[in-house]
Amino acid sequence: MLGQPLYPDPLTVAEEWHAGGRGVAIATVIETWGSAPRPVGSHLVIDSDGNFHGSVSGGCVEGAVIVEAAEVIASGTARTLEFGVADETAWRVGLSCGGRIRIYVERLG
Amino acid sequence: MLLEHLHKLNAARESRCAAVTVTELDTGMSKLFLEDETMEEAVVPAVQSALRTGKSGIVEIAGRPVFINVYLPPPRIVVVGAVHISQALAGMATIAGFDLTIIDPRSAFATPERFGQTKLLAEWPEDVLKETPLDAYTALAAVTHDPKIDDFPLKAALDAGCFYVGALGSRKTHAGRVQRLAKLGLDESAISRIHAPIGLDIRASSPAEIAVAILADIIQALRTRDVTAGQRGVE
């Protein structure tokens, strides 16, 4: 790669974390409705200690995704999460921008 | 995601090769295809469309929901000319997420003292582009004002279908450039793709301001590019 990117890329980080012996989950935005902060295809990678890199929203739902990711790393079973202001959990976790997003969380390896 | 898929995907991205992952959302089964790799017929239309448009999303294949994620090479900027504007542009482009290279055969200009960590090649564009050709995911900005240095890469950029081709210089300078490029065999519609004077018209004055105008012009070209045809180089 030419030059050194300012922020390391999440999938590169995921590969390094895995090589270092950590359990890793990859979260990906798979669908958005309305005004969503990150486009479809964006990644957040999470390790079993809760370290994370990248983003699937503007910081609104990352905390909840990280909690789910721990379970995905433990079980190996992928799951799909949905967030939005219309959601009944909006008081807890939601998108202030009014959009809705679906996120697929899978274990690496 | 399988580990071997991640290795292959990261290697593809490193070598500027487009790639697509195809994930069955009900089973979690996932496949990875590099551009030009053969794949089963059922996924061809969705994968080809994703490669062409750069858009990821959920499609239905054989009645099942499938997520297609497309990874196009990161946009790159090649600057011809290690001038004052390029010094400012190098820093800004990196912050904006572009991969930037500067080429200038004049070794007095192309010095590490002036450019720090920036990828800098004190060679003729002819030689550099033979090794690392331009492609549709690359923007080229020619800023030396010197036809001996600028003209060849400008023609190469138009031939390669670069998503942005810009050249520094006044309208008068550009009129002379148009004549020279026509003599090199480029037609009018190809030459008209050159952004000249370079940069969005924000009345930029200082080198740093001109760098902002050039970067904004490049971002606009990237985000509004026609993804329906002709963006994957000369076909």
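Residues numbered from 1 in each chain as written. Chains lettered and ligands numbered in written order. Predicted model: local features only at pLDDT ≥ 70, side-chain atom pairs only at ≥ 80, totals over all residues. Heavy atoms only, no water.

### Regarding the packing of aromatic side chains
A complete count under the given rule lists 0 aromatic pairs over all chains for this structure. Across from the ring centre of Phe-109 of chain B, 4.0 Å away, lies the NZ or CZ of Arg-106 of chain B, which sits over that ring. (Phe/Tyr/Trp six-rings, centres within 6.5 Å; stacked < 30°, edge-to-face > 60°. Lys NZ or Arg CZ within 6 Å of the ring centre and 35° of its normal.)

### A few points about the domain arrangement of chain B
Domain assignment breaks chain B into domain 1 (3-71) and domain 2 (76-223). Between the C-alpha centres of domain 1 of chain B and domain 2 of chain B there is a distance of 33 Å. (Domains from an automatic or database assignment.)

### Thoughts on helix H2 (residues 44-53) of chain B
Residue and element names in this part refer to chain B. Every buried residue of H2 is listed here: Ala-46, Val-47, Ala-50 and Leu-51. Axial view of H2: buried residues confined to an arc of 130°, hence all on one face. Turning to H2, the residues buried within the fold contact strand S1 (19-24), strand S2 (30-34), strand S3 (57-61) and strand S4 (64-71). Taken from the residues just after H2, Gly-54 is the one with a positive phi, measuring 75°. (Buried < 20%, exposed > 50% of the residue type's maximum accessible area, 1.4 Å probe, protein only. Helix = DSSP H or I, 4+ residues; strand = E, 2+ residues; numbered from the N terminus. Arc of directions from axis to C-beta. Contact = heavy atoms within 4.5 Å.)

### A closer look at the nonpolar core
Residues and elements named next belong to chain B. In this structure, Ile-77, Phe-98, Leu-100, Phe-163, Ile-214 and Ile-218 are the most contacted members of the largest nonpolar core, which totals 27 residues. Where this core is concerned, the elements lending two or more residues are strand S5 (76-80), helix H3 (84-95), strand S6 (99-103), strand S8 (138-142) and helix H9 (207-223). Take this core: its biggest share by element is 7 residues, from H9. Those residues in contact with Ile-77 that sit more than four places away from it in its chain are Ala-93, Phe-98, Asp-99, Leu-100, Thr-101, Ala-139, Leu-215 and Ile-218. Core analysis: the second largest hydrophobic core is formed by 23 residues, Leu-134, Ala-156, Ala-160 and Leu-181 among them. (Core = buried A, V, L, I, M, F, W, Y, C linked by side-chain atoms within 4.5 Å.)

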